[in-house]
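Breakdown of the fold
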Amino acid sequence: MANKLQRVLARLPTYWTYMRERPSWVLVLLGGRVLFVRQVERQLRRAAPRSVPPTLSSRLHVDAPDRIVPELERDGVSPRLTLSASDVAAIRAFAEQTPCTTRAAPIRSFLAGDIDAVNAERPRDVIAAYFFDRIHECPTIAKIEADPLIRAIAEGYIGGTPHHIRTRLWWSFPGKRVAEADLHAAAQDKYHFDLNDFRTVKFFFYLTDVDRMSGPHAYIAGSHHKRKIRHQYTLMVGHDEAELRAYYGDDRFHVLTGPAGTGFAEDPFIFHVGMTCKERPRLLLEIEFGPAIASKSYRYGEIG
C-alpha cells in the first residue's frame, strides 16, 4: 500500500503540469477510468466509429483494412499492419547511429551498440533508452506519422478528426542487474492501461525481430470494455497479472511476436505490457493519435 501511495504522489506534479497546459485534462483524470463516463463522453461528442476507406499507402501493407476498426472495437488490438522493409531499414539505421538516453539519473546519451560498456559503469543495467525529441531528425518517422492510411485508421476509430499526440522510439535491452523500480519506470512490471484521453489509438511497429525472448508486447483482449469496478475507481493503472487472469481468463491474454516490420494498432486503454527482454534487444516505434491536442509536456516526453 505504501508503495502504491508513493507512486500516486510521485505522479501528482506530472498531473498538475498536464492540467495547467490543458485544463480539460482534469475531466480525463477524474472520469477517464470509468466505463460509463467514457461512453457518455463519446455520445456527447457524437463520435461514432467509421469504416476505413480504401486509402493507398506506400509505407504500409495492411491485411483487410476494413476489419481494423471493428477489431479495435472488439479486442482493443488489430495486428494487421506491416511496415515497408525500406522504412524499417531507415529507422533502424537512425536508431543505431543516433545516441539514445535513459530517463533516470545519471542521464547520459550513448549508442545502442555500446550498451555493455554503459552497463559496466552503472550499478544496475539499462533496460530502456529513448530518443525523445531526436526522432524529429529521422524524416522516415515523420512520413509514417503523416501516412494517409494511418490517419484514416485513427479517424475511423476515434470517430472524428485525429490529432497527433506523441511519437516515441526506444530500445529495450536485456538486463540482469535490475530493480523493481527499473521495471516500473520502463512499464515492464505490470499489466497496465494508458489514460491519455477518452479515446486514443496507438500504432506500434517492431523494428527488430521480436520473439518471446526479446520483449514482445502482450495484452488482454477486450479489457477496454470489461473492467472491474475497483479498477475504474482508482488512480493506479497497473495491476497484478494473477488478479487479472482470475478475472479475464487465460484465453484473453495474447502475446504479439513477429519479424521486423510487424505492426499493430491498439487502444491503450486495454491492459497491456511490454515484456522484459531476455536475450536480444528490441527497437520499437510508437505513434499515438487522440481526439484533442495533448499538453506539450506529454507530447514530447518531457515528464512522466
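This text goes with the structure placed above it.
A short tour of the structure in this document, coming up. Since we're looking at a predicted model, the values are computed, not measured.

Some words on a nonpolar patch on the surface
A surface patch of nonpolar side chains, amounting to about 340 Å² of accessible area, comprises Phe36, Val40 and Leu44. Mapped onto the elements, Val40 comes out in helix H3 (residues 35-44). On the accessibility criterion, Val40 (32% relative accessible area) is partly exposed.

Some words on the layout of surface pockets
Put simply, the second largest pocket is a space of about 290 Å³. Together, 16 residues line the second largest pocket, and Thr102, Ala104, Arg122, Asp182 and Ala185 are the ones closest to its centre. Looking at the lining of the second largest pocket, the elements that each hand over two or more residues are strand E5 (128-130) and helix H9 (180-185). Element by element, the count of residues in the lining of the second largest pocket is highest for H9, at 3 residues.

A look at the nonpolar core
Counting residues in hydrophobic clusters, the biggest one holds 43 residues, and the most contacted among them are Ile91, Phe131, Leu169, Val201, Phe203, Phe205 and Leu285. Ranked by the residues each element gives to this core, the list is headed by helix H8 (residues 148-158), at 7 residues. Those residues in contact with Phe131 that sit more than four places away from it in its chain are Phe94, Ala95, Thr98, Pro99, Cys100, Leu169, Trp170, Trp171 and Leu283. Of all hydrophobic cores here, the second largest spans 18 residues; its members include Phe193, Leu195, Phe271 and Val273.

Describing the pattern of salt bridges
For the coordinates displayed, the defined rule picks out 22 salt bridges. Between Glu96 and Arg92 there is a salt bridge, with its nearest N and O atoms 2.7 Å apart. Of the two residues, Glu96 and Arg92 both sit in helix H5 (residues 85-97), 4 residues apart, roughly one turn of that helix. Taking the relative accessible area as the measure of exposure, Arg92 reaches 30% and is therefore partly exposed. Salt-bridge contacts for Asp250 lead to Arg245; the nearest nitrogen and oxygen are separated by 3.1 Å. By sharing partners, the salt bridges in this structure join Arg166, Arg168, Asp194, Lys202 and Glu286 into a single network.

Re H8
For H8, the tally of buried residues reaches 8 of 11 residues, placing the bulk of the element in the interior. Taken residue by residue, H8 has Leu149, Ile150, Ala152, Ile153, Ala154, Gly156, Tyr157 and Ile158 as its buried positions. The N-cap residue of H8 is Asp147: its side-chain oxygen and the backbone nitrogen of Leu149 are 2.9 Å apart. Following H8 by one or two positions, Gly159 adopts a phi angle in the positive range, close to 85 degrees.

As for the pairing of strand E14 (residues 282-290)
The buried fraction of E14 amounts to 9 of the 9 residues, a majority that puts the element mostly inside the structure. Bridging between strand E6 (residues 163-172) and E14 involves 9 bridges; their strand directions are antiparallel. Residue pairing in the sheet places Arg166 in a bridge with Glu288 of E14.

About the cut-offs
The written sequence of each chain sets the order in which its residues are numbered from 1. Thresholds applied to this predicted model are a pLDDT of at least 70 for local features of residues and 80 or more for the giving and counting of side-chain atom pairs; totals over whole chains, interfaces and linings are not thresholded and use all residues. Side-chain figures throughout are based on the complete set of non-hydrogen atoms in the structure, without hydrogens or water. Patch construction takes residues with relative accessible area above 30% that form no salt bridge. Like charges are linked within 9 Å, and nonpolar side chains (Val, Leu, Ile, Met, Phe, Trp, Tyr) are linked within 5 Å. Accessible areas in this description were obtained via Shrake-Rupley with a 1.4 Å probe; residue shielding takes into account the shown protein chains only. A pairing counts as a salt bridge when a side-chain nitrogen of Lys or Arg comes within 4 Å of a carboxyl oxygen of Asp or Glu. By definition, any uninterrupted DSSP run of H or I lasting at least four residues is a helix, any uninterrupted run of E lasting at least two residues is a strand, and each is numbered from the N terminus. Buried, partly exposed and exposed residues are distinguished by accessible area as a fraction of the type maximum, computed with a 1.4 Å probe on protein chains only: under 20%, between the cut-offs, and over 50%, respectively. Each cavity reported here is a set of points on a 1 Å grid over the protein atoms alone in which a 1.4 Å probe fits but cannot get out, each pocket an open set with protein on both sides within 12 Å along at least five of seven lines, and each lining residue one with an atom within 4 Å of a point. Grid points are joined across faces, edges and corners, and a volume is the space filled by probe spheres set on the points. Remark: nonpolar core denotes a set of buried residues (Ala, Val, Leu, Ile, Met, Phe, Trp, Tyr, Cys) joined through side-chain atoms within 4.5 Å. Only heavy atoms matter for contacts: two residues are in contact if any of them lie within 4.5 Å across the pair. Distance and chemistry together define a polar contact, namely a pair of N or O atoms within 3.5 Å, with one atom able to donate a hydrogen and the other to accept it when in protein, and with adjacent residues in sequence counting only for side-chain atoms on both sides. Strand pairing is assigned whenever DSSP detects at least two bridges linking the two strands.

These figures come from the coordinates and say nothing about function on their own.
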